[in-house]
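Examining the three-dimensional arrangement
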Amino acid sequence: MIKIINYIKDVFRLSFHFAKVEFKLRNEGSYLGIIWYLLNPILTFILLYLVFSDRLGLKIEKYSLYLFLGIIMFNFFQGTTNEACSSIKNNGNILKSINFPRESLVLAIVLRNIFSHFFEIIIFFIIAIFFKISFISLFYYFLILLMFSFFVFGFSLILGSLCIYFFDLDNIWSFATRMLWFATPIFYSIGGQVKLFYVNLINPLYYFITAAREIVIYQNIPNIYIIIGIIVSSILFFFIGILIFSLLKNKFAELI
């Protein structure tokens, strides 16, 4: 038990170091710095709001908050998982020369994207002030983000390990996330669309984004199936990710 605890500490410590170094390197020599992290969600938000606010968003209360929260949560998932696909392949020389916890490469990506996500959250908070959203409800978002991070980490472990064995998986996943963008109710509401509702019952992102909107924006307790979906998705993908990664990681160096 002590060995497991120490191993977890080593993984987190090394991952945090990797994430901090990579975050600094990406902003080094850049005049705009962290503003680059905000351009994508802000420009996406402006474009979608101008296009859909008078149509799909007409019947959605506080549509600007609804839209922006959906965008930044999806961006966190998409950015992290896309990077995770190449996290092992891009560090082949390190894997072959140094013995260290392989999980830290994937966790570092999750942590770095959490750093970036915090700046997006600040923008969301600023918008929320104009809608007089309670700061208590905003606090609950971090609880959802914690569960969301467990899910994303587990999913990233699965992708990171399988991409070593299936070289086209990163391209397939990049296409799949674009399809997932349209399937997930980010800029629209499911409403009475029964088929779309059933499709999203197998979409973990639906549960996390819906719960965040209900609690933070509308200050409501989500339906019980939403809460169950969050708990099941977080625990299931986290442990499946660890299991698959543990079974495959010993052959990473040979396959790269």
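The present account deals with the structure reproduced in this document.

Next up on the list: the overall build of the protein. When you go through the protein residue by residue, the secondary structure sums to 11 helices and 0 strands. Residue burial in the protein is summarised as follows: out of 256 residues, 48% are buried. Of the contacts made within the protein by residues no fewer than 6 positions apart, 76% connect residues no fewer than 24 positions apart. For the protein, the accessible surface area stands at approximately 14,000 Å², while carbon and sulfur atoms represent 70% of it.

Another point: the nonpolar core. Among the nonpolar cores identified, the biggest contains 72 residues, and Met73, Phe77, Phe124, Phe148 and Phe187 are the most heavily contacted of them. Secondary structure elements with two or more residues in this core: helix H1 (2-27), helix H2 (35-52), helix H3 (63-85), helix H5 (103-130), helix H6 (135-165), helix H7 (169-183), helix H9 (204-217) and helix H10 (224-248). The contacts of phenylalanine 77, once residues within four sequence positions are left out, are Phe148, Phe151, Val152, Phe155, Trp173, Leu180 and Leu205.

With that settled, the discussion passes to the environment of tyrosine 206. Topologically, tyrosine 206 is positioned in helix H9. When the C-alpha atoms of tyrosine 206 and isoleucine 226 are compared, they prove to be 8.5 Å apart, with 20 residues separating the residues in sequence. Those residues in contact with tyrosine 206 that sit more than four places away from it in its chain are Pro185, Ile190, Phe197, Asn200, Tyr225 and Ile226.

Together, Ile221, Ile224, Ile227, Ile228, Ile231, Val232, Ile235, Leu236, Phe239, Ile240 and Ile242 give the surface a local cluster of nonpolar side chains, amounting to about 1,000 Å² of exposed area. With respect to the element layout, isoleucine 231 can be found in helix H10. Relative accessible area serves as the criterion here: at 40%, isoleucine 231 is assigned to the partly exposed category.

Of note in this structure, lysine 132 is not a glycine but carries a positive phi near 55°. With respect to the helices and strands, lysine 132 occurs in the loop between H5 and H6. Located in the positive-phi region is glutamine 219, a residue other than glycine, with phi close to 55°. With respect to the helices and strands, the residue glutamine 219 is situated in the loop between H9 and H10.

Glancing now at the environment of proline 222. Tracing the chain through its elements places proline 222 in the loop between H9 and H10. In this structure proline 222 comes out as buried when scored by relative accessible area, which is 10%. On a C-alpha basis, the gap between proline 222 and alanine 211 in space is 5.7 Å, while along the polypeptide they are 11 residues apart. Here proline 222 is in contact with Ala211, Glu214, Ile215 and Ile227, once residues within four sequence places are set aside.

Another point: the state of the cysteines. Within this structure, the stated rule accounts for 0 disulfides. For the unlinked cysteine cysteine 85, the closest cysteine sulfur is that of cysteine 163, found at 3.6 Å. Judged by relative accessible area, cysteine 163 falls into the buried class, the value being 0%.

So, on to H7. Spanning 15 residues, H7 covers 20 Å between terminal C-alpha atoms, matching the ideal 21 Å at 1.5 Å per step. Among the residues making up H7, those that are buried are Leu169, Trp173, Thr177, Leu180 and Trp181. Down the axis of H7, the smallest arc covering the buried residues is 125°, so these residues share one side. Residues Asn171, Ile172 and Phe182 are exposed on H7 and point more than 90 degrees away from its buried face.

What counts and how
- For every chain, the first residue of the written sequence is number 1, and numbering continues from 1 along that sequence.
- In keeping with the model being predicted, local features are shown solely for residues with a pLDDT of at least 70 and side-chain atom pairs are shown and tallied solely at 80 or more, while totals for entire chains, interfaces and linings include all residues.
- Hydrogens and water molecules were not included; the side-chain quantities draw on all heavy atoms of the structure.
- Segments assigned H or I by DSSP are reported as helices when at least four residues long, segments assigned E as strands when at least two residues long, and all are numbered from the N terminus.
- Only protein chains enter the area calculation, which uses a 1.4 Å probe; residues under 20% of their type maximum are buried, those over 50% are exposed, and those in between are partly exposed.
- Here, residues are in contact when the closest pair of their heavy atoms is within 4.5 Å.
- Working definition of accessibility: Shrake-Rupley area with a 1.4 Å probe, residue cover restricted to the visible protein chains.
- Think of a nonpolar core as a cluster: buried Ala, Val, Leu, Ile, Met, Phe, Trp, Tyr and Cys residues, connected wherever their side-chain atoms sit within 4.5 Å.
- Only residues whose relative accessible area exceeds 30% and that form no salt bridge are eligible for patches; like-charged ones are grouped when within 9 Å, while nonpolar side chains (Val, Leu, Ile, Met, Phe, Trp, Tyr) are grouped when within 5 Å.
- Any Lys or Arg side-chain nitrogen located within 4 Å of an Asp or Glu carboxyl oxygen qualifies as a salt bridge.
- Cysteine sulfur atoms are paired as a disulfide whenever they fall within 2.5 Å.
- Multiplying 1.5 Å by the helix residue count minus one yields the expected span of that helix.
- An arc is given here, and it is the one of the directions from the helix axis to the C-beta atoms.

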